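Given next are the chains, with one letter for each unit.
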Amino acid sequence: MTGSQPIRWATTAELTIVTPEGVLFRLPLAGPASRLYAMLLDITIVLGTVNGVGLLVYWIFAKAPGFGVMVITLGEFAIGFAYGALLEGFWNGQTIGKRLFHLRVIDQAGLPLRIEQAWVRNLMRVFDALPFAYLVGGISALSNPLMQRFGDRVAGTLVVRQTPLVAPGEESWTRQKYNSFMDYPTIAMKLRRAATPELASLIQDALRRRTELAAYARREIYRELATYLQSEISPFPDELVEMLSDEQYLINAAGVLFGDQQLSRVHG
Amino acid sequence: MILDLERFQTQARPRWSNLESLLAALEGRPGHRLNPVEAEQLQELYAQAAADLNRVTHGALAPELRQYLERLVARAYTELHFVPPTRSELWQPRRWLRIFTLFPETFRRQSRYFALAVLITVLGCALGGLAVRYDPASVDVLLPADYLRNPEQRVHEEEQGKNQDLHSTQSEAAFSAQLIRHNIEVAMLAAALGVTFGIGTALLLFENGVLLGAVAVRYTQQGFGLFMTAWLLPHGVFEIPSILIAGQAGFYLARVLLRRREDRDARQSMREWLVLIAGMAMMLVWAGMMEAFFSQHHAPVLPYGFKVAVGGAELALLTVYLLLIGRRMTDAKAHTTVPSENK
């Protein structure tokens, strides 16, 4: 580990790390809902395990039920704490619930969490769970830009989203043979200049999720996006727009936003 | 848009794939350190990916590509900057057994917080005791449970063996587990309440002290001082100090949080807190077993003198353990290293 510490800052959605070498990257923070679902799944797993083991213990200690109760009481208690601490400590910051919901606990400097951090954040659950249903921990997470419950604050950890990513391939709109918007380079350039990364990302997502959206929702979303672009960002001529469906309008707009060479060719 | 994304991706994709393959290989063997060739290769690919990320961030509207590169850079950053414990470090039994010496060493190193816990508990005891002694009306408030308010009936029942059905080994085992679990939960809460800058820890210790003082005075007033001593001492000599150690851990945590920015070794601080909790939990396991299997037996089955003597012997052993174990090792270290701030 290098001597200097990384710089970090956070919004409610992401943590930004600037490494000692000056490299900047962002990590998306996990929201309270996904953390809650993962926790509920983990609780189900723990209770299932404890009850399964309990039945086995009762069977083994059938003639000495007191010892059975002793083993179950202590086993349940130990598994409750050790489940999270051991899995997170030895399994890349993930419990089974976190893995299924694509969440991961990391050190707040962007590095993997250490075993002692895993123990600290899990032992602190006795406080975060107060007075019931993790109210203290929940309020702490919601009031903190890093979404940390008290256990995370003490351990110096946070939970990030870790959806599997692959290198983005070529998109269909970059392969368009003809894009009628390119015939209007001034307006197309205006669209490129005015479109924020968020808007571009929204258009990209809307087109990519075409098959996932219900027909009605797709029509509405495409209509709203196309209307917004046409009225607020880049007013292409009415005679052109009238011939296009909202979906084609967005495909053309994405072609303008993400297809570099074609526009430069028009300019050239 | 400045960057020709298509050409840029075509050119850069091979080096991203190389970095991905190298990272997959390294992540597949956790606990192993990088060899010099791998380190050099990783450093080079990391620098290139970081530069690519910079170009995409400032020169293109490509949120997905940016996300992908950020993930790649974050993974490479982890491999370069994080030194994981090796498997042999993790699975050495001797390393885990060190807890038995680490605990008393840590206890002594952070003894000022133990002293604070003792002080607050003693203040609580004094208040509880004085209230019961001089204000009989306070008894109902401080000792809501009937068996605490009216010890005579309880002592009579215990000595007559009316709770004999509870004294089978079976029920004692179940009872001990419940005690261990409950006590560890309460003690861990005291340690975790350090996050309230120690205020919660102090309140919990004080409340515990008030109850202890009130019970002690009430039983003594009614002439059951010996019964109570014999009843509480065999497990109390471990249970009460472990609650105090939980308080010590709570105050220590408060100090760590208050001085986090100046703390140069946060990992060590965290370990100290964990060691105190582990030691406290071990003590409570013993206390729970003693309470269930030994303390609940009264005269004539177990003479009170014998029970008090057992309690005294336990206390002496605990004192020796906490004050002396690991001392030679610590002294030797103190001669060879710079003394720590807390010494």
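Rules of the game
- Residues numbered from 1 in each chain as written.
- Chains lettered and ligands numbered in written order.
- Predicted model: local features only at pLDDT ≥ 70, side-chain atom pairs only at ≥ 80, totals over all residues.
- Helix = DSSP H or I, 4+ residues; strand = E, 2+ residues; numbered from the N terminus.
- Expected span 1.5 Å × (residues − 1).
- Buried ≥ 20, exposed ≤ 12 C-beta atoms within 10 Å, placed from the backbone.
- Arc of directions from axis to C-beta.
- Contact = placed C-beta atoms within 7 Å.
- Pairing = 2+ DSSP bridges.
- Domains from an automatic or database assignment.
- Core = buried A, V, L, I, M, F, W, Y, C linked by C-beta atoms within 7 Å.
- Nonpolar A, V, L, I, M, F, W, Y, C, P; charged D, E, K, R; others polar.

Working note: α-helix, 3.6 residues per turn, so residues spaced by three or four point in the same direction. With twelve residues, helix H9 (residues 197-208) of chain A extends 16 Å between its outermost C-alpha atoms, agreeing within 8% with the 16 Å of an ideal straight helix rising 1.5 Å per residue. When we look at burial in H9(A), the residues that qualify are Ala200(A), Ile203(A) and Gln204(A). Looking down the long axis of H9(A), one finds its buried residues gathered within 95° of arc, a one-sided arrangement. Seen from the open side of H9(A), the exposed residues pointing more than 90 degrees away from its buried face are Glu198(A) and Asp205(A). Tucked into the core, H9(A) has its buried residues touching helix H10 (215-233) and helix H12 (246-258) of chain A together with helix H3 (63-81) of chain B.

For the rest of this paragraph, the subject is the pairing of strand S3 (residues 24-28) of chain A. Residue and element names in this part refer to chain A. In this structure, strand S2 (residues 14-18) lies alongside S3, joined through five bridges in antiparallel fashion. Considered in S3, the bridge of valine 18 is made with leucine 24. Between S2 and S3, which follow one another and run antiparallel, lie five residues, and glycine 22 among them has a positive phi close to 90°.

Our next topic: the domain arrangement of chain A. As far as domains go, chain A holds domain 1 (32-161) and domain 2 (172-267). Each of domain 1 of chain A and domain 2 of chain A has a C-alpha centre, and these two points are 46 Å apart.

This next bit is on the nonpolar core. Across soluble globular proteins, nonpolar side chains show a tendency to be buried alongside one another. By size, the foremost hydrophobic cluster in this structure holds 125 residues, and its most contacted members are Ala253(A), Ala49(B), Val73(B), Ala249(B), Ile277(B) and Met280(B). Here this core takes 16 residues from helix H13 (residues 225-258) of chain B, the largest share from any one element. Among the nonpolar cores identified, the runner-up in size contains nine residues, and Cys125(B), Val210(B), Leu212(B) and Tyr219(B) belong to it.

Its location among the elements puts Glu198(A) in helix H9. C-alpha of Glu198(A) to C-alpha of Glu247(A): the two residues are 49 residues apart in sequence and 19 Å apart in space.

Between chain B and chain A, the residue contacts involve 48 residues of the former and 45 residues of the latter. Mapped by element, the contributors of at least two residues to the side of chain B that touches chain A are helix H1 (5-27), helix H2 (36-59), H3, helix H11 (169-192), H13 and helix H14 (266-295) of chain B. When its residues are assigned to classes, the side of chain B that touches chain A shows 30 nonpolar, eight polar and ten charged.

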